[in-house]
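# Breakdown of the fold
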Amino acid sequence: GRVPLLLVLDDFDDNLSLEAGTCTIRDPELAGLLTSWAGRPHRGRLLITCRHRFAVPEVASPRIGFRPLGPLSQAGAIDLAASLPALGQLGEQDLDRVWRLLGGHPRAMEYLDALLASGQVRFADLAGRLSGLITAAPTELPLPAAETAAVAVSGVLLAELFGQLSPASQRLLVRASVYRAPIGRDVLLLPVGQYSPAELTSLLDEARATGLVTADPGETGPAVAVHRWTATELQELLMAGGREAEMADAHHLAAEYWRWRLTSW
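Model, not experiment: these values are computed from the prediction.

## Structural notes on the layout of surface pockets
Empty space within the second largest pocket amounts to approximately 170 Å³. Looking at the second largest pocket, it is lined by 13 residues, and the ones nearest its centre are T214, A225, V226, H227 and R228. A class-by-class count of the residues in the lining of the second largest pocket yields seven nonpolar, three polar and three charged.

Shown next, in the form of structure tokens:
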């Protein structure tokens, strides 16, 4: 009641389950937290990011509002591009084309930046191919259609990045993508003997160069994470390519890891 506090719950989709066509909060304690937070006046504020609208407890609903977050504006897209190594080198006319082709989708812009940074594609060639995939630039469409077009273009860019990886690095990325929270790189060494530490470092570095995985240093060693949006698109890519077995194997390995952790505890 005395200290202003901002609580941010990012990627909230991981807490939801679909029941009878409605997204609900899976954990009753988490639902209770939202009810408590919104049920009485205080100086705190709650910000939730989520791809899907979900049902909230009745007590909380009058105090919780949903705001659709649309695409980046042209100025916002240029600001983001300026912070990225490859897109930041493009001229004003090309940046305007980036914004129009990608519909102001920030993750798609990061995919495009990674592709250009690889040096294997030129922007003019890639932009020409993207233009041939869509009937109109997403920025020229109504919002729902614009989102659909932008997501489709994002999927094409992800497929390009994924295709640049060696088969071993692809498998490693798929394995990391099924974890919903960052993991230590030692987790990816399991089962023992699959990789040597040097091989794992090399494969992780290859995947990191595409921007599809991060490996952040920490007190207990680097944490490996795949953005949840990327993980979802990656699963769709594998399913479309008839590679469902790879995703299933990754989930089985993750389950074995958690079973081992519970046993060791």
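Further notes follow.
## Looking at the packing of helix α7 (residues 167-177) against helix α9 (residues 228-240)
For the pair α7 and α9, interaxial distance at closest approach is 10 Å and the crossing angle is 120°. Between α7 and α9, the interaxial angle falls into the category oblique. As α7 packs across α9, the resulting crossing turns out to be left-handed. Contacts between α7 and α9 pair L173, V174 and S177 from the former with R228, A231, L234 and L238 from the latter.

## Let's talk about helix α5 (residues 123-133)
Among all positions in α5, only F123, L126, A127 and L130 are buried. Along the long axis of α5, the arc covered by the buried residues comes to 100°, so they all point the same way. The inward-facing, buried residues of α5 abut α3 (92-102), α4 (106-117) and α6 (143-163).

## Looking at the packing of aromatic side chains
Two descriptors summarise a pair of aromatic rings, namely the distance from one centre to the other and the angle between the planes of the rings. Evaluated as defined, the whole model comprises six aromatic pairs. Grouping aromatic residues by their ring pairs yields a cluster made of Y179, Y257, W258 and W260.

## With respect to the state of the cysteines
Using the criterion set out here, one finds zero disulfides in the structure. In this structure C23 is not part of a disulfide, and its nearest cysteine sulfur, from C50, lies 7.2 Å away. Take C50: its relative accessible area is 28%, and that puts it in the partly exposed class.

## A short note on the sheet that holds strand β6 (residues 214-216)
Taken together, the three strands give an open sheet; going across it, the order is β5-β7-β6, and neighbouring strands pair in antiparallel fashion. Looking along the sheet, the strands with just one partner apiece sit at the ends: β5 (183-184) and β6. Pairing of β6 with strand β7 (residues 223-225) involves three bridges; the strand directions are antiparallel. Residue pairing across strands places T214 opposite A225, the latter belonging to β7.

## Thoughts on the nonpolar core
L87, L102, L112 and L157 are the most contacted members of the largest nonpolar core, which has 58 residues in total. For this core, the element with the most residues is α4, which contributes seven residues. Not counting residues within four places of it along the chain, the set of residues in contact with L112 comprises L87, V98, L102, F123, L126 and L157. Within the second largest apolar cluster, 12 residues are counted, among which are I25, L34, A38 and F54.

Definitions and limits used
- Per chain, the residues get numbers from 1 upward, laid out in the order the sequence is written.
- Since the coordinates come from a predicted model, pLDDT governs what is reported: local features require at least 70, and pairs of side-chain atoms require 80 or more to be given and counted, while whole-chain, interface and lining totals use all residues.
- Each side-chain value is worked out from all heavy atoms of the structure, with water and hydrogens disregarded.
- Using protein atoms alone on a 1 Å grid, points that fit a 1.4 Å probe yet trap it form a cavity, whereas open point sets bounded by protein on both sides within 12 Å along at least five of seven lines form a pocket; residues with an atom within 4 Å of a point count as lining.
- Grid points are joined across faces, edges and corners, and a volume is the space filled by probe spheres set on the points.
- Note on residue categories: nonpolar means Ala, Val, Leu, Ile, Met, Phe, Trp, Tyr, Cys or Pro, charged means Asp, Glu, Lys or Arg, and polar means any other residue, Gly included.
- Here an axis means a line fitted to C-alpha atoms, over the contact stretch when the element is a helix, while the angle between two N-to-C directions is reported on a 0 to 180 degree scale.
- Strands are runs of DSSP state E lasting at least two residues, helices are runs of H or I lasting at least four, and both sets are numbered from the N terminus onward.
- Throughout, the term roughly parallel applies to angles under 35 degrees, roughly antiparallel to angles over 145, roughly perpendicular to angles from 65 to 115, and oblique to all others.
- Left-handed describes a crossing whose near helix is turned anticlockwise from the far helix by less than a right angle; the clockwise case is right-handed.
- Contacts were defined at the residue level, with two residues in contact if any of their heavy atoms lie within 4.5 Å.
- The cut-offs for exposure are 20% and 50% of the maximum accessible area for each residue type, with area from a 1.4 Å probe on protein chains only; residues under the lower value are buried, those over the upper are exposed, and the others partly exposed.
- Throughout, the arc means the angular range of directions from the helix axis out to the C-beta atoms.
- Stacked, tilted and edge-to-face are the three classes applied to pairs of Phe, Tyr and Trp rings, where Trp contributes its six-membered ring and a pair requires centres within 6.5 Å; stacked means planes under 30 degrees apart, edge-to-face means over 60, and tilted covers the rest.
- Cysteine sulfur atoms are paired as a disulfide whenever they fall within 2.5 Å.
- Pairing between strands is defined by DSSP: at least two bridges between the two strands are required.
- To define a nonpolar core, start from buried Ala, Val, Leu, Ile, Met, Phe, Trp, Tyr and Cys residues and group those joined through side-chain atoms within 4.5 Å.

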